[in-house]
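Structure at a glance
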Amino acid sequence: MTVSSPQPASEKASENSFRALLPYWQVTFASFLGWFLDAFDQTSLMFTLPDIAHDLECTIGALGTVLTAQAIGRAVGNTSWGWLSDRYGRRIAFMLGVVWFGVFSALTGLSHSLYMLMIVQFMFGIGFGGEWTASAALLMESVPARTRPVASAIMMSGYEVGYFVAAAAQALILPHYSWRILFFIGLAPALLAIFIRIGVKESPVWLRNQQNRQTRQTAGVPKQAVRPKFVMNAAAFQAIALMSFLEFQKAAIYTFYPTILRGAHHLTPGQVFWPITLYCFGSFSGKLVCGWLAQRFGDVKVMLAAIGVVVLTIWPFLSAPTWSMLLAAAVIMGAAASGIFALVPHYLAKRFPSDTRSLGMGLAYALGSLGQGLASWLVPVFGPSTRMLPISAEAFVVGSSAVTAGIAMVQPKHLPGEHMEGDELPIA
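In the annotation of an unreviewed UniProt entry, the entry for the chain reads MFS transporter, and the organism field reads Gluconobacter wancherniae NBRC 103581. Recorded under Subcellular location (unreviewed entry), the UniProt text for the chain is reproduced unchanged: "Membrane".

Have a look at this one:
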């Protein structure tokens, strides 16, 4: 009688990862929905740049400073919410971030000057960055180790769904109503805060570490020795460097994409809906596929493959001479450029210890936000006209992609968060 060989553990884990997430659907869904609402509010600004410029009597280049202000706010939010999340808990920081960015999204619709818009978007960015920092740490610490790449992909795919809904909303609203209506919808996140309060539990890793610190203090260990300290080691430096250039690359790809479609390609808001929809479809599919592939081949190999596709696709994505090529490139670019971000929560979580994980992930995303802000400023500076804007974006995408790939290829000797408290360690 022949005995079939057991299925490899890695393959079995990959096949069961979606099913294994079902008991954790509340935290997974909340993280997905938080990023969905973030995306709707942020991309609404991108869709309405020409309308805002007309209403406020300023140039697209001037509005680049608004995007930069938002990016600086995100950096503040990522860092401060990271500290808040490590100190007081992931869940409370998540709820606060959701309410914060919802309020300032609505206030964007009340802005009547460039300076007011800059201030409001700076404040919006604080909540935007803070929400991601807290929810990403909460999700990675709440689900089983083998499901983290897929959970990471599901959470990050919320951005594409929000982008798609914003595209549909602008196609329906802008031809008939003011751009301000899109931002008044931003009050919806208050409902998510209620769901988090009722249905989402605190991170078990954070609770365990809090209990351990209290036990050590009770045993007489000085408070200064118990308090966690952030360490800038090779893994932390790599996380920060990679996010800085990856966010720069992503901003150069899509920040001015709707503007290029309306300007260089002379599309109406209704016509813009179709390439944006295909981009979102590719992004959503690409994130799930990249999360699935990362379980088999690892984060780095999948990242490098996706970066290669980005470089090959950027010209037809922004400058294709035909409608069919423009649509095809939108699908491919969405799958590749956004697929990389499916791996980001898992990639960052492995590079910081549990005591300072949220602060570390927030700091990495904070400096990444500054990279995004820099791209939002540089692309229109080097592409001030309708003809030059896509060329400028293409050049910055190729350059930042090369640097990102180089950083990703470096392998630190030690990953402090590769195994979290409570994980089953692999048998040697």
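1. Thoughts on the overall build of the chain
On a plain count of helices and strands, the chain comes out with 19 helices and zero strands. Against the 2.2 N^0.38 benchmark of 22 Å for 428 residues, the chain shows a C-alpha radius of gyration of 21 Å, consistent with a compact globule. When the backbone C-alpha atoms are referred to their principal axes, the chain occupies close to 65 × 60 × 35 Å. For the chain, buried positions account for 57% of its 428 residues.

2. Points about the domain arrangement of the chain
Where the parts come together, the accessible area they lose is often given as the size of the interface. With domains assigned, the chain is organised as domain 1 (19-225) and domain 2 (234-409). One C-alpha centre belongs to domain 1, the other to domain 2, and the line joining them spans 19 Å. With 56 residues of domain 1 in contact, the opposing surface of domain 2 contributes 50 residues. Interface area for domain 1 against domain 2, summed over the two sides, is near 4,100 Å², with a carbon-plus-sulfur share of 67%. The largest contributions to the domain 1 side of the interface with domain 2 come from W132, E160 and Y163, which together make up 14% of the buried area.

3. Looking at the packing of aromatic side chains
Under the definition given, this model contains 21 aromatic pairs. Considering the side-chain rings of F29 and F195, the 5.8 Å spacing of their centres and the 90 degrees angle between planes classify their relative orientation as edge-to-face. You can see F29 sitting in helix α2 (residues 25-47) and its partner F195 sitting in helix α9 (residues 189-199), a full 166 residues away along the chain. You can call F29 partly exposed: its relative accessible area is 36%. Look at F195 and you get partly exposed, because its relative accessible area is 24%.

4. Here's the deal with a nonpolar patch on the surface
A cluster of nonpolar side chains, namely V99, V103, L107, L110, M116, Y177, I181, F184, I185 and L187, defines an oily patch on the protein surface of about 840 Å² accessible area. The dominant element in the nonpolar patch, judged by the number of residues it contributes, is helix α5 (residues 90-108), at three residues. In this structure, I181 sits in helix α8 (residues 180-184). I181 sits in the partly exposed class, given a relative accessible area of 37%.

5. Observations regarding the packing of helix α7 (residues 148-173) against helix α14 (residues 269-297)
Remark: α7 packs on α14, axes separated minimally by 9 Å, with the N-to-C direction vectors making an angle of 175 degrees. Of the possible angle classes, the one that applies to α7 and α14 is roughly antiparallel. Class assignment of the residues belonging to the contact of α7 with α14 gives a composition of 20 nonpolar, seven polar and two charged.

6. Re the nonpolar core
In this structure, W132, F317 and L348 are the most contacted members of the largest nonpolar core, which totals 117 residues. Looking at which element gives the most residues to this core, the answer is α7, with 13 residues. A domain split of this core shows at least three residues from each of domain 1 (19-225) and domain 2 (234-409). Those residues in contact with W132 that sit more than four places away from it in its chain are W35, D38, N78, M155, M156, V344, P345, L348, M361 and Y365.

7. Concerning the environment of V311
For V311, the location among the structural elements is in helix α15 (residues 299-319). Judged by relative accessible area, which is 32%, V311 ranks as partly exposed. C-alpha separation for the pair V311 and E394, spaced 83 residues apart in sequence, amounts to 8.7 Å. Ignoring any residue separated from it by four or fewer positions in sequence, one finds V311 in contact with V398 and S401.

8. A closer look at the side chain of S244
On the secondary structure map, S244 appears in helix α12 (residues 234-254). Of the polar contacts made by the side chain of S244, one reaches the backbone oxygen of I240; its length is 2.8 Å. Those residues in contact with S244, other than ones at most four positions away along the chain, are L367, G368 and G371.

9. Some details on the packing of α5 against α9
In contact at an axis separation of 8 Å, α5 and α9 are set at 170 degrees when each is read in the N-to-C sense. Compared by their axis directions, α5 and α9 come out roughly antiparallel. As for the relative orientation of α5 and α9, their crossing is left-handed in sense. Between α5 and α9, the residues in contact are R91, F94, M95, V98, V99, F101 and G102 and P189, L192, A193, I196 and R197, respectively. For the contact of α5 with α9, the per-class residue count stands at nine nonpolar, one polar and two charged.

10. A few points about the pattern of salt bridges
Proximity of charged atoms lets side chains of opposite charge pair with each other. Counted according to the given criterion, the structure contains eight salt bridges. For D55, the salt bridge is made with R180, and the minimal N-O distance between the two is 3.2 Å. Residue D55 is located in helix α3 (residues 49-56), and its partner R180 is located in helix α8; the two are separated by 125 residues in the primary sequence. For E141, the salt bridge identified is with R357, shortest N-O distance 2.9 Å. Linking E141 in helix α6 (residues 114-142) with R357 in helix α18 (residues 357-382), this pair joins segments that are 216 residues apart in sequence. Looking at E141, the relative accessible area reads 3%, which means it is buried. Several salt bridges share partner residues, and in doing so they unite D86, R90, E141 and R357 into one network.

11. Description of α6
Taking 1.5 Å per residue as the helical rise, α6 with its 29 residues ought to reach 42 Å, and the 42 Å between its terminal C-alpha atoms agrees with that figure. Counting buried positions along α6 gives 22 out of 29 residues, so the element sits mostly inside the fold.

12. Section: unusual backbone geometry
A positive phi angle, near 55 degrees, is found at E57, a position not held by glycine. Tracing the sequence through the fold places E57 in the loop between α3 and α4 (60-88). One non-glycine residue with positive phi stands out, namely H266, at about 60 degrees. Along the chain, H266 turns up in the loop between α13 (257-263) and α14. For H266, a relative accessible area of 65% corresponds to the exposed category.

Scoring rules and cut-offs
Residues numbered from 1 in each chain as written. Predicted model: local features only at pLDDT ≥ 70, side-chain atom pairs only at ≥ 80, totals over all residues. Heavy atoms only, no water. UniProt positions renumbered as here; feature names shortened; annotations may be inferred. Helix = DSSP H or I, 4+ residues; strand = E, 2+ residues; numbered from the N terminus. Rg over C-alpha atoms; globule rule 2.2 N^0.38 Å. Buried < 20%, exposed > 50% of the residue type's maximum accessible area, 1.4 Å probe, protein only. Domains from an automatic or database assignment. Contact = heavy atoms within 4.5 Å. Buried area = accessible area lost by both parts, 1.4 Å probe. Phe/Tyr/Trp six-rings, centres within 6.5 Å; stacked < 30°, edge-to-face > 60°. Patch = residues over 30% accessible without salt bridge, like charges linked within 9 Å, V, L, I, M, F, W, Y side chains within 5 Å. Areas by Shrake-Rupley, 256 points an atom, 1.4 Å probe, with all protein chains shown as cover. Salt bridge = Lys/Arg side-chain N within 4 Å of Asp/Glu carboxyl O. Axes fitted to C-alpha atoms, helices over the stretch in contact; angles between N-to-C directions. Parallel < 35°, antiparallel > 145°, perpendicular 65-115°, else oblique. Nonpolar A, V, L, I, M, F, W, Y, C, P; charged D, E, K, R; others polar. Core = buried A, V, L, I, M, F, W, Y, C linked by side-chain atoms within 4.5 Å. Polar contact = N/O pair within 3.5 Å; in protein donor to acceptor, adjacent residues only side chain to side chain. Left-handed = near helix turned anticlockwise from the far one by under 90°. Expected span 1.5 Å × (residues − 1).

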